[in-house]
Amino acid sequence: MSLSLFLYVFPFLLLAGFLVYWAGSRHAYARRRPSEPGDPAVFDWHFLVPCRDEEAVIATTVTRLRGGFPEGHVWVIDDASDDLTAPIVRALAERDPLVHLVSRRRPDARIGKGAALNAAYAALNGHLDPAADRSRVIVCVVDADGQLSPGALARVSGPEAFGDPETGGVQIGVRMRNVEDERPLDHGGRIANAYARLLIRMQDAEFAVSNTGMQLLRRRTGSVGLGGNGQFTRLTALDRIAAAERRPWQQDALLEDYELGLHMRLAGYRLTHVADTWVTQEALPYTRRFLTQRTRWAQGNIQCVRYAGRIVGSRHYRAGGVLESLYTFFQPIAHLATLLLTLFMLLALVLGGGAAEVLLSAWPLALALGLASVVPFLLWGPVYRREFAPDRSRVKGLLWGFALWLYAYHLFIVSARGFVRLVRGRTGWAKTRRNAETAGVGPVATES
């Protein structure tokens, strides 16, 4: 293939893939139906809350879980915190027998969220009666700042979720709890707070409509992904993965949640997404913390390429699930390729010559591609406004859609950072600071 032909074809292929995926997600979102609730009393509930220096939020999280879901056990995994996380949880456990503290110490601690969850899995096994029906035990992972919506357990108990004995995992929706905060930065000025509010709003729109549409599409293709917050799994499914992989969660994974879902699908379990219940968390108003979090996600996506062969050869994946999974795996690589191609085009324009003539003659095509890439984001904006912020104007919805398009460009940055970290052998799990944490708190790093 000649260089000029490649310059024409490659952007078309990337855009075509994006538009097909977006159209499938938008159609699945538009055609979604309410899920039928079930009886939570049929199951035994255990909430796992991994923690590292979470004194600012952990008491509230445990208290709300116990108050909102009194039938559930709460297992807090203290991953060698340097603050008061452990004493706070220990005091709560002394007053409530359904609150448990799982303490981890260096050098085994602080090596990733997967390792912390595996420690809780071992503690749970030691706690359960050997005669317990493990197929009735449901494990839910909740972030240290997570808050489940009141009807969550009924929704995930329904016939489309754990009411089906073939279901191994359920992921619920995610919303940003601080989306209406008028002043997310206590010490910031008017412009800084306006930017922080927009960044928070974009994270909420991303999860509320864009990611939900993606998960509903995955529900159709049989490739639903599990997330790190609001992740529900059946204990027997975790047992089966542990028997094959030595542990349920992969300890070397940066996306231990998503990889758990891959293992469940490869083992033959069904995964589903329930969109009409959710878990809330705090969106990040700080660019650096946001990019740190998303770099880990991008690098974790690249790591998942190692599953491509197993998924292609698995009898448990339909063709649609294979295509969707491969598309997800290679997204950071596609972003990186696009970034490199853009830099090459700019260099060619500066140096002149035949390649520059080709690029200059293709400006109508470039304009068309640019417009086509904006439209899907513009269309998500009004959907988000109508369903989650109906008090705002239609113009605001369009502006949010345009902002979503600009917001999406962070993917190119974090994909490049994730690839560089991978090449440099930096695969450590970076904890994202909570908004309540100051920049000088102890040894908690924003990058590892």
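Presented here is an overview of the structure given in this document. Computed from a predicted structure; not experimentally measured.

With that out of the way, let us pick up the pairing of strand β4 (residues 137-141). With 5 of 5 residues buried, β4 lies mostly within the body of the structure. Here 5 bridges tie strand β1 (residues 44-51) to β4, and the two strands are oriented parallel to one another. By the bridge assignment, D44 is partnered in β4 with V137. Sheet analysis places β4 next to strand β7 (residues 231-234), joined by 4 bridges and oriented antiparallel. Note on β7: the bridge partner recorded for C140 is F232.

Quick look at the packing of helix α7 (residues 235-245) against helix α8 (residues 256-266) now. Relative orientation of the contacting elements α7 and α8 amounts to 90°, with a least axis distance of 10 Å. The orientation of α7 with respect to α8, classified from their angle, is roughly perpendicular. In contact with A237, L238, I241 and E245 of α7, α8 contributes L260, H263 and M264.

Okay, the packing of helix α4 (residues 113-127) against α7 next. Direction vectors running N to C along α4 and α7 enclose 115°, while the axes themselves pass 12 Å from each other. Here α4 and α7 pass one another in a crossing that is left-handed. For the pair α4 and α7, contact is made by Y121, L124 and N125 and by L235, L238, D239 and A242, respectively. Considering only residue class, the contact of α4 with α7 consists of 5 nonpolar, 1 polar and 1 charged.

Let us look at the nonpolar core. Formed by 64 residues in total, the largest nonpolar core has its most connected members in W45, F47, V49, V76, L148 and F232. The biggest single contributor to this core is helix α6 (residues 190-221), with 9 residues. Those residues in contact with W45 that lie beyond four places of it in its chain are P40, E71, G72, H73, I138, L153, V156, S157 and F232. Core analysis: the next-biggest nonpolar cluster, separate from the first, contains 27 residues, I77, V139, L238 and W249 among them.

Okay, unusual backbone geometry next. Going from R106 to P107, the amide bond is cis rather than trans, its omega being 5°. Within the secondary structure, P107 sits in the loop between β3 (99-104) and α4. The backbone phi angle of D53 is positive, close to 55°, even though this residue is not glycine. Looking at the element boundaries, D53 is found in the loop between β1 and α2 (58-68). In this structure, R246 is a non-glycine residue whose phi angle is positive, near 80°. For R246, the position within the fold is in the loop between α7 and α8. Owing to a relative accessible area of 69%, R246 belongs among the exposed residues under this scheme.

Right, let's talk about the environment of R175 for a bit. Mapped onto the fold, R175 is located in strand β6 (residues 167-176). The buried category is assigned to R175, whose relative accessible area is 18%. For R175 and W278, which are 103 residues apart along the polypeptide, the C-alpha to C-alpha distance reads 6.7 Å. Filtering out sequence-adjacent residues up to four positions away, R175 remains in contact with D204, A208, W278, V279, T280, Q281 and F388. Reaching out from R175, the side chain makes a polar contact with the side chain of D204 at a distance of 2.8 Å.

Let us now look at a positive patch on the surface. On the surface, a cluster of positive charge is made up of R31, R33, R219 and R220. Along the chain, the position of R31 falls in the loop between α1 (3-30) and β1. Since its relative accessible area comes to 53%, R31 is described here as exposed.

Reading the values: the criteria
Residues numbered from 1 in each chain as written. Predicted model: local features only at pLDDT ≥ 70, side-chain atom pairs only at ≥ 80, totals over all residues. Heavy atoms only, no water. Buried < 20%, exposed > 50% of the residue type's maximum accessible area, 1.4 Å probe, protein only. Helix = DSSP H or I, 4+ residues; strand = E, 2+ residues; numbered from the N terminus. Pairing = 2+ DSSP bridges. Axes fitted to C-alpha atoms, helices over the stretch in contact; angles between N-to-C directions. Parallel < 35°, antiparallel > 145°, perpendicular 65-115°, else oblique. Contact = heavy atoms within 4.5 Å. Left-handed = near helix turned anticlockwise from the far one by under 90°. Nonpolar A, V, L, I, M, F, W, Y, C, P; charged D, E, K, R; others polar. Core = buried A, V, L, I, M, F, W, Y, C linked by side-chain atoms within 4.5 Å. Polar contact = N/O pair within 3.5 Å; in protein donor to acceptor, adjacent residues only side chain to side chain. Patch = residues over 30% accessible without salt bridge, like charges linked within 9 Å, V, L, I, M, F, W, Y side chains within 5 Å. Areas by Shrake-Rupley, 256 points an atom, 1.4 Å probe, with all protein chains shown as cover. Salt bridge = Lys/Arg side-chain N within 4 Å of Asp/Glu carboxyl O. Lys, Arg positive; Asp, Glu negative; His and termini not counted. Charge placed at Lys NZ, Arg CZ, Asp CG, Glu CD.

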